[in-house]
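Each chain is listed here by its residues.
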Amino acid sequence: MSKHLKDRLIQEISLLKELDHPNIVKYVDHFIKKKKVYVVMEYCEGGDLAHAIKRCIKKSLLLPEKFIRQVLRQLTSALEHCHRRPDGSVILHQDIKPANVFVDSDLNVKLGDFGLADILSSRNEYLKIQSGTPLYMCPEKLNKTFYHEKSDIWALGCLLYELCALKPLFAGKGGKRLIKRVNRGKVKRIPSQYSDELNSLIGDMLQVLDFLRPSTEEILHSSLLTQQKKRAGDSAHHLPAPTTAADVSPREPQDTPKKAQKRRLDVEQHQPRKKKRKRSCDMDCCMGSDPNHKEEALDSAVAHQPYQHPQPTISQPSNESVPSTESMIIKAQLRWVGHVMCMDDQWRPKMVLLLIYANYVSES
């Protein structure tokens, strides 16, 4: 283990010993074995939020807003415990993302992985190092300027947006494109199943200018978290069933136009609509048939009479010269060209290659 990693690990252990909060993963013990340091942490049965997002994507479900508000309240409380230390210091987590937020058996979230954390001696101190995951970095970090505790607020806003939309706010591996998107500051609305208050608070946390972002105290005292709306099922301890897009049905207007009523009745009675005619080949160019024969067949079908094919006539031998082999090959190639023109796009290239090969054999 390198000296830098060893110092980081010792710093994380010392921080976890000091941080005693119900929404921060608790430190139990650590030991060294074969020049490796092992840290024993609190066990979280529910895994992390990244795993929960993957499950929702797989099942095409959305997380309920009640759970997202709970995540917001508990993580903000954990950050307040880090940003407001009794001695006046500030602890920056520096790597808030779904993979570092864990869920226990009671569905309470806990902030973990303080390996990249930094300590500021006071609230007036700033940092200029670039640490963390690029998708959750604030504009100050990406632009390599000074930043402070509001960088964690930005990362928390990115996490909440991902919980709602089930995808990162700024997709991509990083680089100049990511920096341009972050500096532009355009945030799409979260899915319409969530309230406008939640969308507004997430937008405030994702302000490009750091002084416009709310502090931990302002988030905890916001109307979104302080209001207590009595809803059915709120007293239940477990999460309500996630909602899908199919559960949300649009309301029909009372005054429906006559055309819309007729269209709806046609659908209910399962009346088939007229299908568009597909363009197809009549095979005349392929088979070389006479169009007059088709007209005669149509007339006989209308008259309810069986159609009789014209009898082939046997031509008498003439004194004309027998056609040469080359002319017969040319006629055969022209006939095959007619076949190729009426074939599908899948078979046409193959038949063209076959004709080229036949022409090559005949010339040789």
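None of these values were measured; they are calculated from a predicted model.

**Student:** Account for the overall build of the protein, with residues named and values stated.
**Tutor:** Scanning the protein from terminus to terminus reveals 14 helices and six strands. Counting all 364 residues of the protein, 31% fall into the buried class. Taking all contacts inside the protein whose residues are at least 6 apart in sequence as the whole, residues at least 24 apart take part in 65%. Within the structure as shown, the protein displays about 25,400 Å² of accessible surface, and the carbon and sulfur contribution to it stands at 55%.

**Student:** Report on the pairing of strand 2 (residues 36–41), specifying residues and quantitative values.
**Tutor:** Examined bridge by bridge, strand 1 (residues 27–33) and strand 2 share six bridges and lie antiparallel to one another. Among the inter-strand pairings, Lys33 is bridged to a residue of strand 2, identified as Lys36.

**Student:** Now, about the packing of aromatic side chains: what can you tell me, with residues and values included?
**Tutor:** Remark: the centre distance and the inter-plane angle together describe each pair of aromatic rings, the angle taken between the planes. The full count for this structure, using the stated rule, is two aromatic pairs. With 5.2 Å between their ring centres and 15 degrees between their planes, Phe31 and Tyr38 make a pair best called stacked. Overall, Tyr38 belongs to the partly exposed group, its relative accessible area being 37%. Where Trp154 meets Phe170, the ring centres are 6.1 Å apart and the plane angle is 5 degrees; that geometry is what we call stacked. Taken together, the positions of Trp154 in helix 5 (residues 150–165) and Phe170 in the loop between helix 5 and helix 6 (176–184) put the pair 16 residues apart, joining distant regions of the chain.

**Student:** Tell me about the packing of helix 5 against helix 7 (residues 196–205), and please be specific about residues and values.
**Tutor:** Contact pair helix 5 / helix 7: the axes reach a minimum separation of 8 Å and the direction vectors enclose 145 degrees. Read as a crossing pair, helix 5 and helix 7 show a hand that is left-handed. Of helix 7, the residues touching helix 5 (which contributes Ile153, Trp154, Leu156, Gly157, Leu160, Tyr161 and Cys164) are Leu198, Ile202 and Met205. Its residues assigned to classes, the contact of helix 5 with helix 7 comprises nine nonpolar, one polar and no charged.

**Student:** Report on unusual backbone geometry, specifying residues and quantitative values.
**Tutor:** In the Ramachandran plot, Asp113 falls in the positive-phi region, its phi being about 60 degrees despite a non-glycine side chain. Take Asp113: it is sitting in the loop between strand 5 (109–111) and strand 6 (118–120).

**Student:** Lay out helix 1 (residues 3–18) in plain terms, naming residues and giving numbers.
**Tutor:** Helix length check: helix 1 (16 residues) gives 23 Å between terminal C-alpha atoms against 22 Å at 1.5 Å per residue, within 8%. When we look at burial in helix 1, the residues that qualify are Arg8, Leu9, Glu12, Ile13, Leu15 and Leu16. The buried residues of helix 1 occupy an angular sector of 165 degrees when the element is viewed end-on, so they sit on one face. Turned more than 90 degrees from where helix 1 packs its buried face, Lys3, Lys17 and Glu18 sit exposed. Elements that come into contact with the buried residues of helix 1 comprise strand 1, strand 2, strand 3 (90–92) and strand 6.

**Student:** Explain the side chain of His93 residue by residue, including any values.
**Tutor:** Position of His93 among the secondary structure elements: in the loop between strand 3 and strand 4 (101–103). On the basis of relative accessibility, which here comes to 1%, the residue His93 falls in the buried class. Here the side chain of His93 touches Ile96 through a polar contact of 3.5 Å, landing on its backbone nitrogen. The residues contacting His93, other than those within four sequence positions of it, are Asn100, Leu111, Gly112, Asp113, Phe114, Leu116, Ala117 and Asp152.

**Student:** Go over a nonpolar patch on the surface, please, and point to the residues and values.
**Tutor:** Together, Val28, Phe31, Tyr38 and Val40 make up an exposed nonpolar region whose accessible area comes to about 330 Å². At the level of elements, strand 1 and strand 2 are the ones that each hand at least two residues to the nonpolar patch. Position of Tyr38 relative to the elements: it lies in strand 2.

About the cut-offs
- Residues numbered from 1 in each chain as written.
- Predicted model: local features only at pLDDT ≥ 70, side-chain atom pairs only at ≥ 80, totals over all residues.
- Heavy atoms only, no water.
- Helix = DSSP H or I, 4+ residues; strand = E, 2+ residues; numbered from the N terminus.
- Buried < 20%, exposed > 50% of the residue type's maximum accessible area, 1.4 Å probe, protein only.
- Contact = heavy atoms within 4.5 Å.
- Areas by Shrake-Rupley, 256 points an atom, 1.4 Å probe, with all protein chains shown as cover.
- Pairing = 2+ DSSP bridges.
- Phe/Tyr/Trp six-rings, centres within 6.5 Å; stacked < 30°, edge-to-face > 60°.
- Axes fitted to C-alpha atoms, helices over the stretch in contact; angles between N-to-C directions.
- Left-handed = near helix turned anticlockwise from the far one by under 90°.
- Nonpolar A, V, L, I, M, F, W, Y, C, P; charged D, E, K, R; others polar.
- Expected span 1.5 Å × (residues − 1).
- Arc of directions from axis to C-beta.
- Polar contact = N/O pair within 3.5 Å; in protein donor to acceptor, adjacent residues only side chain to side chain.
- Patch = residues over 30% accessible without salt bridge, like charges linked within 9 Å, V, L, I, M, F, W, Y side chains within 5 Å.
- Salt bridge = Lys/Arg side-chain N within 4 Å of Asp/Glu carboxyl O.

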